Amino acid sequence: MHTPTRRAFLTAGGLSLAALAGCTATDSGAEAPTDGGGLSLAGETVATGVEAPADVAVPRSGEYLVADQFGRLAYFEGSDSTPSAVTDLTDSMAQPGGEKGLLGVAIHPDGSGRLYVRYSAPLRSGTPGGYSHTFVLSEFRRSGDRLDRDSERVLLEIPQPQGNHNAGSIAFGPDGYLYVGVGDGGGGNDQGRGHVDDWYDGVAGGNGQDVEANLLGSVLRIDVDRTEGGRPYGIPDDNPLVGRDGLDEQYAWGFRNPWRLSFGPDGRLFVADVGQSSYEEINVVERGGNYGWNVREGAHCFRAEDCPTTGPDGEPLIDPIVEYPHRGDGITGISVIGGYLYDGTAIPALQGRYVFADYVANGELFVATERDDGWSTAAVPISGIGSNVLSFGETPAGELLVCTTGEDGGTVHRIRAAGATTE
């Protein structure tokens, strides 16, 4: 089956949130379509009335906070799939659309009612000329079923050179710290305006390999419960670059556009990274890990016949656990959408398996299974969801949600086994 290019989707007016990437198994992870074991899934609608659901958080069972890319945080409660309240953030934002907008939401695990929101804002004073917008991470407090707009506390502002590769995923880890995905600054190839030189001379650029000039192309880890050194947040003492050359916020680097990150029940951090033109990838991310961009795309040399497999200090450039190409036989796609290691009980066949998707879902989700010799990936049919997947979410019980767009607009669905009912 022919898979359209990302450019074709963007030209046709599709959301360029899709500028992420797609998935097939290779020696480093996913394999050509494997048997999904006869499993078939279905989507049960829990939230409608949004344009582009870029993220969803679940305060408690039966409640959903949906981040609409176009600037509204919608609150849903009970069996009503239409929002009971909406907080409009558009007056604080740069013009949403493309890959800019309201991109992520996370709930503080201490039950204090604090929420963390990632959005694209206008340029700030002092931003270099020709830049696109500002990456903003803010803390808010809830006031009933809305955000208290007056409570906003801006934690991070990062100048964004181009309008794309904005990442946006934020999640609290089991250690209580907030993990923040940051794209490489946009454009293409990790090159051009706002992209610094790095240690690797084989390809020009880039922010993915630099850890000193800016925070782009990285996963950050910060402590939102204290302030330190003039910052509105603290730095965990064991962040890998504390006391070394580099920016203290950095937890891992070598990313192009980390679109969705999540923690498994075993504490592992899964990060999906959207590829440039050939490969999409899923990584298990470790403290201080270098995931290769723009030396490598997935497990392959980027724009070079040969390339190093180690960084400037001899550290490995870590291959993904799963990758898939943009074209060819087997599983393919154009933009990877990271998901979750399933920890629920409603679908026993998914237990302990990583569920994710490509933006162009074509009625399928992907399921990766860890084996003694690595990870294998299968495509599993799903009915009742939109044609394009933007994101996933997880309930307190470990059941999965999928955020989609399609003919019926933006919708959030609970994933269940086909033929099963949920209470």
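Calculation notes
- Residues numbered from 1 in each chain as written.
- Predicted model: local features only at pLDDT ≥ 70, side-chain atom pairs only at ≥ 80, totals over all residues.
- Heavy atoms only, no water.
- Helix = DSSP H or I, 4+ residues; strand = E, 2+ residues; numbered from the N terminus.
- Rg over C-alpha atoms; globule rule 2.2 N^0.38 Å.
- Buried < 20%, exposed > 50% of the residue type's maximum accessible area, 1.4 Å probe, protein only.
- Contact = heavy atoms within 4.5 Å.
- Areas by Shrake-Rupley, 256 points an atom, 1.4 Å probe, with all protein chains shown as cover.
- Lys, Arg positive; Asp, Glu negative; His and termini not counted.
- Charge placed at Lys NZ, Arg CZ, Asp CG, Glu CD.
- Pairing = 2+ DSSP bridges.
- Axes fitted to C-alpha atoms, helices over the stretch in contact; angles between N-to-C directions.
- Polar contact = N/O pair within 3.5 Å; in protein donor to acceptor, adjacent residues only side chain to side chain.
- Phe/Tyr/Trp six-rings, centres within 6.5 Å; stacked < 30°, edge-to-face > 60°.
- Lys NZ or Arg CZ within 6 Å of the ring centre and 35° of its normal.
- Salt bridge = Lys/Arg side-chain N within 4 Å of Asp/Glu carboxyl O.
- Core = buried A, V, L, I, M, F, W, Y, C linked by side-chain atoms within 4.5 Å.
- Disulfide = S-S within 2.5 Å.

(A) Molecular detail of the overall build of the protein chain. Scanning the protein chain for helices and strands turns up one helix and 26 strands. By the compact-globule yardstick of 22 Å for 423 residues, the protein chain fits well, its C-alpha radius of gyration being 20 Å. Over its C-alpha atoms, taken along the principal directions, the protein chain stretches across nearly 55 × 50 × 40 Å. Taking all 423 residues of the protein chain together, the buried fraction comes to 59%. For the protein chain, the proportion of contacts with a sequence separation of at least 24, taken over those separated by at least 6, is 60%. Only carbon and sulfur atoms are counted for the fraction: they give 44% of the accessible area of the protein chain, which is about 15800 Å². Separation between the mean location of the 29 positive side-chain charges and that of the 60 negative ones in the protein chain comes to 5 Å.

(B) A look at the sheet that holds strand β9 (residues 146–160). Strand order in this open sheet of four strands is β6-β7-β8-β9, and the pairing throughout is antiparallel. What marks the edges here is a single partner per strand, and that holds for β6 (102–107) and β9. The sheet shows a mean angle of 20° between the axes of neighbouring strands, direction not considered. Note: strand β8 (residues 133–143) against β9, 10 bridges, orientation antiparallel. Bridged to Leu 137 within β9 is Leu 156.

(C) Spotlight on the side chain of Ser 376. Inspection of the secondary structure puts Ser 376 in strand β23 (residues 374–383). Among the polar contacts made by the side chain of Ser 376, one reaches the side chain of Arg 371 at a distance of 2.8 Å.

(D) Focus on the packing of aromatic side chains. Using the criterion set out here, one finds 11 aromatic pairs in the structure. An angle of 15° between the planes, with centres 5.2 Å apart, marks the rings of Phe 255 and Tyr 291 as stacked. Of the two residues, Phe 255 is situated in the loop between β13 (250–253) and β14 (258–263) and Tyr 291 in the loop between β16 (279–285) and β17 (296–297); the sequence distance between them amounts to 36 residues. Classification of Tyr 291 as buried rests on a relative accessible area of 1%. Between Trp 293 and Phe 302, the aromatic rings sit 4.6 Å apart at their centres with planes inclined by 55°, giving tilted as the arrangement. Both residues of the pair, Trp 293 and Phe 302, belong to the buried class. An aromatic cluster is present here, built from Phe 270, Tyr 324, Tyr 354, Phe 356, Phe 366 and Trp 375 joined pairwise through their rings. In this structure, Arg 118 is placed above the aromatic ring of Phe 135, and the distance from its NZ or CZ to the ring centre is 3.7 Å. Its end group placed over the ring of Trp 259, Arg 260 keeps NZ or CZ at 4.0 Å from the ring centre.

(E) Expanded view of the pattern of salt bridges. The final tally for this structure, using the stated rule, is 21 salt bridges. Note that Arg 231 is salt-bridged to Asp 248, the shortest N-O span being 3.7 Å. Here Asp 248 lies in the loop between β12 (218–222) and β13 and Arg 231 lies in the loop between β12 and β13, a separation of 17 residues in the sequence. We classify Arg 231 as partly exposed; its relative accessible area is 25%.

(F) Region of interest: the nonpolar core. One finds Leu 41, Ile 282, Phe 356, Leu 365, Val 389, Phe 392 and Ile 415 to be the most contacted residues of the largest nonpolar core, which totals 44 residues. Among all residues touching Leu 365, those that are not within four sequence positions of it are Leu 41, Val 355, Phe 356, Ala 357, Ala 378, Ala 379, Val 380, Ile 382, Ile 385, Val 389, Phe 392 and Ile 415. Membership of the second largest hydrophobic core comes to 19 residues, among which are Ile 170, Val 180, Val 182 and Ile 235.

(G) Structural view of the state of the cysteines. Under the criterion given, the structure shown has one disulfide. The disulfide bridge from Cys 301 ends at Cys 307, spanning 2.2 Å between sulfur atoms. A torsion of -85° about the S-S bond marks the disulfide between Cys 301 and Cys 307 as left-handed. Take Cys 301: its relative accessible area is 27%, and that puts it in the partly exposed class.

(H) The arrangement of the environment of Tyr 131 in detail. Looking at where Tyr 131 falls in the secondary structure, it is placed in the loop between β7 (114–121) and β8. By relative accessible area, Tyr 131 is classed as buried at 17%. With 30 residues separating them in the primary sequence, Tyr 131 and Pro 161 have C-alpha atoms 4.3 Å apart. With residues up to four places along the chain from it excluded, the contact list for Tyr 131 reads Leu 123, Pro 159, Gln 160, Pro 161, Arg 193 and Gly 194.

(I) Expanded view of the sheet that holds β13. With antiparallel pairing, four strands are arranged side by side in an open sheet as β10-β11-β12-β13. Edge positions in the open sheet fall to β10 (170–172) and β13, since each of these has one partner strand only. Here the average twist between neighbouring strands, direction ignored, is 20°.

(J) How the structure looks around the pairing of strand β20 (residues 336–341). The buried fraction of β20 is high, at six of six residues. In this sheet, strand β21 (residues 354–358) lies alongside β20 in antiparallel orientation, the contact comprising four bridges. In the strand pairing of β21, Ile 337 is matched with Ala 357.

(K) Here's a closer look at unusual backbone geometry. A cis amide bond, omega -5°, links Gly 205 with the succeeding residue Gly 206. Here Gly 206 shows up in the loop between β11 (178–182) and β12. The omega torsion of the bond from Trp 293 to Asn 294 falls at 0°, within 30 degrees of zero and hence cis. The residue Asn 294 is located in the loop between β16 and β17 in this model.

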